[in-house]
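One letter stands for each residue in the lines below.
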Amino acid sequence: MGERIGSVARDTFETQIKLKLAIDGDGTSNLETGVPFLTHMLTLFAKHGLFNLDVHAQGDTDVDDHHTTEDIGICLGKAIRQAVGDKKGINRYGYAVVPMDEALSEVAIDLSGRPYFVFNGQFPSQKVGTFDTELVKEFLDKLCIEAQMNLHVTIRYGENTHHMIESIFKALGRALDAATVQNPRIQGVLSTKGTLG
């Protein structure tokens, strides 16, 4: 089995990003996003998904965090799609429910080749520190589109916005890890059509 790695570079007037994802990693991350809260969340995503993730980003954070957060989501989605390749032998589906103190979130993934994003839940606060919490949905939406997967995120309950978002990113890592596991019992792709997409 070859290394399953995705590497993406994005250069626009708003952001310059280099991102590398190794699916079969150990949870190591090397992150310079320019958005501290996003760095924290991606560290959790990598650690709990056992991915190796390198992100080096510069963006117009003097305006706000929107473009950088969104574009990192785009790059991560593309890297996931690259890394899973033809999807032969993988579980395809992943699901995780993760608590963080009083908060509980669930994430369900289907690496189907068809992007569809569903988000159920509300954050009590519009900001965590300087980070706009509406950017969580923006990030996940772009990730979903570029990875070409079904992504369903539900916040079951919670009171602390930081805890709620943290539980989402941990669950995202665990669900994606489950979906990308190579299963020796699966011949070809896991689809009665014989193809995904």
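Residues numbered from 1 in each chain as written. Predicted model: local features only at pLDDT ≥ 70, side-chain atom pairs only at ≥ 80, totals over all residues. Heavy atoms only, no water.

- Where an unreviewed UniProt entry is consulted, the protein appears under the name Imidazoleglycerol-phosphate dehydratase, with the organism given as Sporolactobacillus kofuensis.
- Among the UniProt annotations of the protein, the heading Subcellular location (unreviewed entry) holds the following wording: "Cytoplasm".
- Listed in UniProt under the heading Pathway (unreviewed entry), the comment for the protein reads: "Amino-acid biosynthesis; L-histidine biosynthesis; L-histidine from 5-phospho-alpha-D-ribose 1-diphosphate: step 6/9." (UniProt positions renumbered as here; feature names shortened; annotations may be inferred.)

1. Some remarks on the layout of surface pockets
Link 1 in the chain: The computed volume of the largest pocket comes to approximately 180 Å³.
Link 2 in the chain: Taken together, Phe119, Gly121, Gln122, Phe123, Gln126, Asp132, Thr133, Glu134 and Lys137 form the lining of the largest pocket.
Link 3 in the chain: Residue composition of the lining of the largest pocket, by class: two nonpolar, four polar and three charged. (1 Å grid on protein atoms, 1.4 Å probe; cavity = no way out; pocket = protein on both sides within 12 Å on 5 of 7 lines; lining within 4 Å. Points joined across faces, edges and corners; volume = space filled by probe spheres on them. Nonpolar A, V, L, I, M, F, W, Y, C, P; charged D, E, K, R; others polar.)

2. Here we look at the pairing of strand E5 (residues 93-100)
Link 1 in the chain: With burial as the criterion, only one face of E5 is covered, namely that bearing Gly94, Ala96, Val98 and Met100; the residues Tyr93, Tyr95, Val97 and Pro99 on the opposite face remain uncovered.
Link 2 in the chain: As judged from the eight bridges shared by E5 and strand E6 (residues 103-110), these two strands associate in the antiparallel manner. When the bridges of E6 are listed, Tyr95 appears paired with Ala108.
Link 3 in the chain: The turn linking E5 back onto E6 is made up of two residues, and Asp101 within it adopts a positive phi angle of 55°. (Buried < 20%, exposed > 50% of the residue type's maximum accessible area, 1.4 Å probe, protein only. Helix = DSSP H or I, 4+ residues; strand = E, 2+ residues; numbered from the N terminus. Pairing = 2+ DSSP bridges.)

3. Things to note about the environment of Ser191
Link 1 in the chain: Along the chain, Ser191 falls in the segment after helix H4 (161-180).
Link 2 in the chain: Sequence spacing of Ser191 and Thr69 is 122 residues, and the spatial spacing of their C-alpha atoms is 33 Å.
Link 3 in the chain: A distance of 3.1 Å separates the side chain of Ser191 from the backbone nitrogen of Lys193, its partner in a polar contact. (Polar contact = N/O pair within 3.5 Å; in protein donor to acceptor, adjacent residues only side chain to side chain.)

4. Brief notes about the sheet that holds strand E7 (residues 116-120)
Link 1 in the chain: A sheet is described by the order of its strands in space; here four strands give the open sequence E5-E6-E10-E7, paired in mixed fashion. Each having just a single partner strand, E5 and E7 make up the two edges of the open sheet. If you compare each strand with its neighbour and ignore which way they point, the axes differ by 10° on average.
Link 2 in the chain: Here E7 pairs with strand E10 (residues 150-157) via five bridges, running parallel. For Tyr116, the partnering residue across the bridge sits in E10 and is Asn150.
Link 3 in the chain: Helix-sheet contacts for helix H3 (residues 135-147) involve E7 and E10, and the interaxial angle to E7 is about 155°. (Axes fitted to C-alpha atoms, helices over the stretch in contact; angles between N-to-C directions. Contact = heavy atoms within 4.5 Å.)

5. Looking at the pattern of salt bridges
Link 1 in the chain: This model, assessed by the stated rule, comprises ten salt bridges.
Link 2 in the chain: The closest approach of N and O atoms between Glu146 and Arg81, which form a salt bridge, is 3.9 Å. With a gap of 65 residues between them, Glu146 in helix H3 and Arg81 in helix H2 (residues 66-84) connect regions that are remote in the sequence.
Link 3 in the chain: For Asp110, the salt bridge identified is with Arg92, shortest N-O distance 2.6 Å. With Asp110 in strand E6 and Arg92 in the loop between H2 and E5, this residue pair connects regions lying 18 residues apart in the sequence. (Salt bridge = Lys/Arg side-chain N within 4 Å of Asp/Glu carboxyl O.)

6. Let's talk about the state of the cysteines
Link 1 in the chain: Per the counting criterion, the structure on display carries zero disulfides.
Link 2 in the chain: No disulfide involves Cys75; its sulfur sits 16 Å from the nearest other cysteine sulfur, which is in Cys144.
Link 3 in the chain: Since its relative accessible area comes to 0%, Cys144 is described here as buried. (Disulfide = S-S within 2.5 Å.)

7. Concerning the environment of Tyr157
Link 1 in the chain: Take Tyr157: it is sitting in strand E10.
Link 2 in the chain: Residue Tyr157 is classed as partly exposed on the basis of its relative accessible area, which comes to 48%.
Link 3 in the chain: In this structure, the C-alpha to C-alpha distance between Tyr157 and Thr43, residues 114 residues apart in sequence, is 23 Å.
Link 4 in the chain: With residues up to four places along the chain from it excluded, the contact list for Tyr157 reads Glu102, Ala103 and Leu104.

8. A few points about H2
Link 1 in the chain: Taking 1.5 Å of rise per residue, 19 residues should cover 27 Å, and H2 covers 27 Å from first to last C-alpha, within 8% of that figure.
Link 2 in the chain: With 14 of 19 residues buried, H2 is to be regarded as a mostly interior element.
Link 3 in the chain: Downstream of H2 by one or two residues, Gly85 has phi in the positive range, about 60°. (Expected span 1.5 Å × (residues − 1).)

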